[in-house]
Amino acid sequence: MFTNSDSSLGKDQLRVGLAQLAPVWLDRAATTKKVLAMINRAGCEQVDLLAFGEALIPGYPYWVAMSDGARFNDSDQKNLHSYYTSQAVVIEAGHLKEVCAAAKANHCAVYLGIIERPMNRGGHSLYCTMVYIDKSGTIQSTHRKLIPTYEERLTWSPGDGHGLQVHSVGAFHVGGLNCWENWMPLSRTALYALGEDLHVAIWPGCYRNTHDLTRFIAKEGRSFSMAASGLMRKADFPDDTPHLAAILAGAGESEMLSNGGSCLAGPDGEWIIEPQCDEEGLYTAVIDQARVREERQNFDIAGHYSRPDVTKLTVDRRRQSLLETID
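These numbers were taken from a predicted model, which means no experiment stands behind them. (Residues numbered from 1 in each chain as written. Predicted model: local features only at pLDDT ≥ 70, side-chain atom pairs only at ≥ 80, totals over all residues. Heavy atoms only, no water.)

*Asks:* Any chance you could break down a nonpolar patch on the surface for me, citing the residues and the numbers?
*Replies:* Judged by side-chain polarity, Leu186, Leu313 and Val315 come together as a nonpolar surface patch covering roughly 240 Å² of accessible area. Positionally, Leu313 belongs in the segment after helix 9 (289–295). (Patch = residues over 30% accessible without salt bridge, like charges linked within 9 Å, V, L, I, M, F, W, Y side chains within 5 Å. Areas by Shrake-Rupley, 256 points an atom, 1.4 Å probe, with all protein chains shown as cover. Salt bridge = Lys/Arg side-chain N within 4 Å of Asp/Glu carboxyl O. Helix = DSSP H or I, 4+ residues; strand = E, 2+ residues; numbered from the N terminus.)

Written as structure tokens, this is what we have:
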């Protein structure tokens, strides 16, 4: 495990943590317990900001690619989707109350990937959501993934721009995106223009997704860039998973479905924590905002190296809903 145990931080410094965990797949309560344990562990190591992988609670929809998920009106696919929906996170129902309490108790801000079942969209569609909880235990933003990737579109709904926000954590302005959103240049630009100098990318977990893009975002933004990944092994499918035999049959011979790859790069693109693969763990480091200021001397993408008179971005951050009531 990579750690930095120095407890005396300057005003420009922040201790960050990457929580690489596997879910107890499709079990919201059991996976939440794993998240709580990791937040408590991070608190013991005086972590200021902790990031978890995409869709961690209750897990990534691996079955879609492994069981012919595009079969229309198929009873097995309907059954799996119904089960997934039953284990999704309803924030309005208090499903994240314990996580918020743990963040407050440990004075640790948290980025957490969930599958959200929001009541303001009817309560039955699912969204891949990145939740930001501040050190007081308050949910400050919920960013719903703008475009689910490929087979994800068979079970997740497209989000909106409401969560394209940055948050102050110590001397840093922190923003984040879900998975392949990190390849979307205009979404990254929206965060850069809001003052982001620490970028958090969350992933279901794979080295191939994090080993190059993490460093690219760091160099492009002249920011610190974190990639927090999940992990998934065949052993992480509970025995009572619906249609487990069919899912495992489609998973191939490898024990590892998602191998992690959590990492951290500095604003010059050099590794601070190289990609960590194949194991659960907490990986921490201390970062210094002075390094951002140094690297932006020659390139500041939203400042002196921008031309808003020539190119400018418009972002609609209204929360989208089918219904607008006038009483």
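Here the narrative resumes, following the displayed structure.
*Asks:* Go over the side chain of Ser258 with me, naming the residues and quoting the values.
*Replies:* Residue position: Ser258 is located in strand 11 (residues 256–258). Residue classification places Ser258 among the buried residues on the basis of a relative accessible area of 5%. Engagement of the side chain of Ser258 in a polar contact is seen with the side chain of Tyr62, the distance being 2.8 Å. Not counting chain neighbours up to four residues away, the residues in contact with Ser258 comprise Tyr62, Pro204, Gly205, Leu231 and Met232. (Buried < 20%, exposed > 50% of the residue type's maximum accessible area, 1.4 Å probe, protein only. Polar contact = N/O pair within 3.5 Å; in protein donor to acceptor, adjacent residues only side chain to side chain. Contact = heavy atoms within 4.5 Å.)

*Asks:* Quick one: what's the story with the sheet that holds strand 1 (residues 13–20), residue by residue and with numbers?
*Replies:* In space, the six strands of this open sheet follow the order 5-4-3-2-1-14, with mixed pairing throughout. At either margin of the open sheet sits one strand with a lone partner, and together these are strand 5 (139–144) and strand 14 (281–288). On average, each strand axis in the sheet is inclined to that of its neighbour by 20°, with strand direction left out of account. Of the strand pairs in this sheet, strand 4 (residues 127–133) and strand 5 are connected by five bridges, and their pairing is antiparallel. Bridging across to strand 5, Met130 finds its partner in His143. (Pairing = 2+ DSSP bridges. Axes fitted to C-alpha atoms, helices over the stretch in contact; angles between N-to-C directions.)

*Asks:* Lay out the sheet that holds strand 7 (residues 172–178) in plain terms, naming residues and giving numbers.
*Replies:* Pairing is mixed in the open sheet, where six strands are placed in the order 6-7-8-9-12-13. If you trace the sheet from one side to the other, it starts and ends with strand 6 (167–169) and strand 13 (271–277), each paired once. Neighbouring strand axes in the sheet, compared pairwise and without regard to direction, differ in orientation by 20° on average. As judged from the three bridges shared by strand 6 and strand 7, these two strands associate in the antiparallel manner. In the strand pairing of strand 7, Ser168 is matched with His173. The strands touched by helix 5 (residues 185–193) within the sheet are strand 7 and strand 8 (198–203), with strand 7 carrying the most contacts at an inclination of about 165°.

Spatial relationships are all this shows, so hold off on functional conclusions.
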